[in-house]
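Survey of secondary and tertiary structure
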Amino acid sequence: MKFGNLVIAGIVTGSIYAVFAVCVSVWYRVSNILNLAVGDFAMVGALGVDNLYRVRGLPLPAAIITTLAVVAVFAYAYDIVVLRIAQDGPRRAEGIVVTFFFTFALSFFIDGVAKMLFGTDVHAAPALWNGQALSVANLHIERAGILVLGCAVIIGGMFWLYIRYTLGGKALEACGENPIGARIAGIDTRRYRRLIFVGTAVIAALFGIVESPITGYTYLSGATISLTGFLAAAYGGFRKPGRALLAGLFIGILEALLGGYVSAEYGDTVMYAILAALVLAWPRGLGFESAVSG
Amino acid sequence: MTRVALAVKGLSVSYGNVVAVHDATFTVAEGEACAITGPNGNGKSSILMGVTGMVRRRGGVEVFGAPAPNADVRWIARHGLTLVPERRQLYPGLSAADNILLGCYCWTKSIAKARRSDPFSRAVELFPELKPHLKQAAGTLSGGQQQMVAIARGLASDPKILAVDEPCLGLAEAIARRVYDVLARIHELGTTLIVVEEAPKRALTLCDRRVEVRNGVAGGR
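Residues numbered from 1 in each chain as written. Chains lettered and ligands numbered in written order. Predicted model: local features only at pLDDT ≥ 70, side-chain atom pairs only at ≥ 80, totals over all residues.

**A word on the overall build of chain A**
- Summing up its helical and strand segments, chain A has 12 helices and 2 strands in all.
- A globule of 294 residues ought to have a C-alpha radius of gyration of about 19 Å, and chain A, at 19 Å, matches this closely.
- Reported as C-alpha extents along the three principal axes, the dimensions of chain A are approximately 55 × 50 × 35 Å.
- The buried share among the 294 residues of chain A stands at 48%.
- Restricting the contact set of chain A to residue pairs at least 6 apart, pairs at least 24 apart contribute 75%. (Helix = DSSP H or I, 4+ residues; strand = E, 2+ residues; numbered from the N terminus. Rg over C-alpha atoms; globule rule 2.2 N^0.38 Å. Buried ≥ 20, exposed ≤ 12 C-beta atoms within 10 Å, placed from the backbone. Contact = placed C-beta atoms within 7 Å.)

**A look at the interface of chain A and chain B**
- Across the boundary between the two partners, chain A contributes 18 residues, which contact 24 residues of chain B.
- Secondary structure elements with two or more residues in the side of chain A that touches chain B: helix H6 (167–177) and helix H7 (179–184) of chain A.
- Grouping the amino acids of the side of chain A that touches chain B by side-chain chemistry returns 8 nonpolar, 5 polar and 5 charged. (Nonpolar A, V, L, I, M, F, W, Y, C, P; charged D, E, K, R; others polar.)

**A closer look at the pairing of strand S7 (residues 161–165) of chain B**
All names here are of chain B.
- Of all 5 residues that make up S7, 5 are buried, and the element is covered over most of its length.
- By the alternation rule, side chains of S7 split into Ile161, Ala163 and Asp165 and Leu162 and Val164, which are all buried.
- With 5 bridges connecting them, S7 and strand S8 (residues 192–197) associate as parallel partners. Along S8, the bridge assignment pairs valine 164 with valine 195.
- On the question of chirality, the crossover connecting S7 to the parallel S8 by way of helix H7 (residues 173–188) is right-handed. (Pairing = 2+ DSSP bridges. Right-handed = clockwise from strand over helix to strand, strands pointing away.)

**Considering the nonpolar core**
Residues and elements named next belong to chain A.
- Ala21 and Val24 are the most contacted members of the largest nonpolar core, which totals 154 residues.
- In terms of residue count, the dominant contributor to this core is helix H1 (residues 2–31) (15 residues).
- With sequence-adjacent residues up to four places away left out, alanine 21 is seen in contact with Gly229, Ala232, Ala233, Ala244, Leu245, Ala247 and Gly248. (Core = buried A, V, L, I, M, F, W, Y, C linked by C-beta atoms within 7 Å.)

**Quick word on the environment of A:Val262**
- Within the secondary structure, A:Val262 sits in helix H10 (residues 241–262).
- When neighbours within four sequence positions are excluded, A:Val262 is seen to be in contact with A:Gly267 and A:Val270.

**Notes on helix H5 (residues 143–165) of chain A**
Residues and elements named next belong to chain A.
- When the terminal C-alpha atoms of H5 are compared, their 32 Å separation across 23 residues agrees well with the 33 Å that a helix rising 1.5 Å per residue should span.
- Within the sequence span of H5, burial applies to Ala144, Gly145, Leu147, Val148 and Ala152.
- Looking at the buried residues of H5, the elements they touch are H1, strand S2 (139–141) and helix H8 (189–215). (Expected span 1.5 Å × (residues − 1).)

**Quick look at unusual backbone geometry**
All names here are of chain B.
- A positive phi angle is found at phenylalanine 64, which is not glycine, with a value near 50 degrees.
- As for its placement among the helices and strands, phenylalanine 64 is situated in the loop between strand S4 (58–63) and strand S5 (66–67).
- Unusually for a residue other than glycine, arginine 88 sits at a positive phi of about 65 degrees.
- Turning to its location among the elements, arginine 88 is positioned in the loop between strand S6 (81–84) and helix H3 (96–101).

**Here's the deal with the pairing of strand S1 (residues 4–15) of chain B**
Residue and element names in this part refer to chain B.
- The pairing of S1 with strand S2 (residues 18–29) spans 8 bridges and is classified as antiparallel. Looking at the pairing, valine 4 lines up with alanine 29 of S2.
- Two successive antiparallel strands, S1 and S2, enclose a turn made up of 2 residues, where glycine 16 displays a positive phi of approximately 65 degrees.
- Here S1 pairs with S4 via 5 bridges, running antiparallel. Bridge pairing links serine 12 to arginine 58 in S4.

**A closer look at the packing of H1(A) against H8(A)**
Residue and element names in this part refer to chain A.
- Close contact between H1 and H8 brings their axes to 9 Å; oriented N to C, the two are set at 170 degrees. In terms of orientation, H1 and H8 fall into the roughly antiparallel class. Here Ile16, Val19, Phe20, Cys23, Val26, Trp27, Val30 and Ser31 of H1 lie close against H8, whose contacting residues are Thr189, Tyr192, Arg193, Ile196, Phe197, Thr200, Ile203, Ala204, Phe207 and Glu211.
- When the residues that make up the contact of H1 with H8 are grouped by side-chain class, the tally is 13 nonpolar, 3 polar and 2 charged. (Axes fitted to C-alpha atoms, helices over the stretch in contact; angles between N-to-C directions. Parallel < 35°, antiparallel > 145°, perpendicular 65-115°, else oblique.)

**Considering the confidence of the model for chain A**
Residues and elements named next belong to chain A.
- Chain-level statistics for chain A give a pLDDT mean of 88 and a share of 96% at 70 or above.
- Highest mean pLDDT in chain A belongs to helix H2 (residues 38–55) (96); lowest belongs to helix H12 (residues 288–293) (48).
- Segment residues 289–294: pLDDT under 50, and 6 contacts once partners within four positions in sequence are set aside and those in other chains are kept. (pLDDT = per-residue confidence, 0-100.)

Below, the structure is given as C-alpha cells:
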C-alpha cells in the first residue's frame, strides 16, 4: 500500500503544481510575461491568514476574505503601476526584461515584505477541515488534501467551462493565439492581462491557505512552488495549459515516489535530473523549442 | 444627400523616425466602394492601420461624423468600421467558427446572442464552401479559406464600413476572383467598402473610386 499512498500524496501535491502551471501558462498566453511570483501569492495567502487569525485574533472567515482582498488589490495595483508602464507605455520594455524581470523582482519584493511581517518561522493557515486522515483499504489521504483536490477540480472545471462556452473565454484564447488579431476584433488584451493576473494571484493565495496545513510555509516557500509551476508550464511550452496540467501532476507523483523509494533527502535532486533529461531527450515534444522561439 | 462614412484629414503615420504616411486627406461616402492603390511599401496599409487605430496617428479621423480617438480599435469597431487585415491575423488554434464568432465580440459578450445573431449567420452563409470546415482549426485551412474566414470575422462585427487590406495576396487567380465576388456581394448588400490593392486594375472592377498612394502621400482620382 506504500505505493498507493505515495501516489495519492503525489496527486495532491501534483494538483497544486498543475494549478500553478495552468496559472503561469494562461497568463503567459495573454501577456507574454512569465509569472515567477505566483508561488509568493500562495505564501502570502497561507502566512497572511495565519497572522490575521492566530496573532491578530480575527475570525477565520474574516481573515481569509481580508487576505484574498489584499492579494487582489495588490496584484491589481502592480498591474496598473508597473506592468502597464512596462508593456503599454510609450517607452515600453521589450524581450527578456519584460518576460522575466518584473515578476522576478516582484517575487523578491513580496518575500522581503513577508519576512518583515511574518518572520522566518514555519507557519500555516489553520486547517479548514479538522480531523484524522481519511482511510479506505489502507489508503490514507489528509483532509486538507481532499480540499486541495476539490479546489483544483472546481477551479480547473470552471476555467475549462469559461474557455469552452463563453465568448470572453474564446477572446482570452484569441489574445494568446494572436494579440494583433485580438485587437482587430475589439478585444482589450490589456484588460485580459489584468484580469488573469489578479485572478491567478487570488487562486494561488487560496491554494496556499488550503494546502499550508499539510506542508507549512515560510516566507521563502513561494519560490519553490513558483519554480515547480514554472517547470510544469515549460513542459507545455508555456502556451498549452492542458499539457502543463498533466506535467504538474506528473511532477507531483514523481516527487512523491522518489521521496518514498529513493531518498527523502536527495529526491528533489534526482527529480530535477530526470526532468532535465526529459527536456534534453524531447525538447520539441515538450514544447521547449516553441517556447524559446515564441 | 449621401452621408460621409469616413473622413480622413491630414493623417500621418510614423514608425520611429520613418514616416510611412504623410498628410493624407480623403473621404469615403456611405455606400461607396473605394480603392486605396499604389506600389508596395508606399503606405497603403499604414493608412488603414492609422485609420482603424492599430497604430498611433497624427491628424483627424471621423466615422459618420464622430471624431475617432487615437489608437482606439475598440471605439472604431463599435462605430461600425472593421478591418480585415493583411495576412488575415486569424487565431490559428481556434476553429474557423470560433474565429468568425469572435467578430461579434465588439457588440456582444454573450456567446448565445452572437451565435443566434444575423451578422454571424450572414457571415457564414456568404461562404458556403466554409461550412464543412467550420470545426477545423483555422491554422490548418488553405490560404483562400483563411481569407474567407477573415472576411467573415469582419462581417460578424456587423460593420457599416469594411476595410479590406490586400484580400488577394498570395491567392490563386480562381480564389482571388471568388473573394472579389463576395466583396461585390457585400457591397451590394449596402456595406461601404475600402479595399487596399497593389493592382488598381483588379480593384477598379469593384470600386467606384480610388485613392492613389505614392511615397506615403495620398491623392484622389
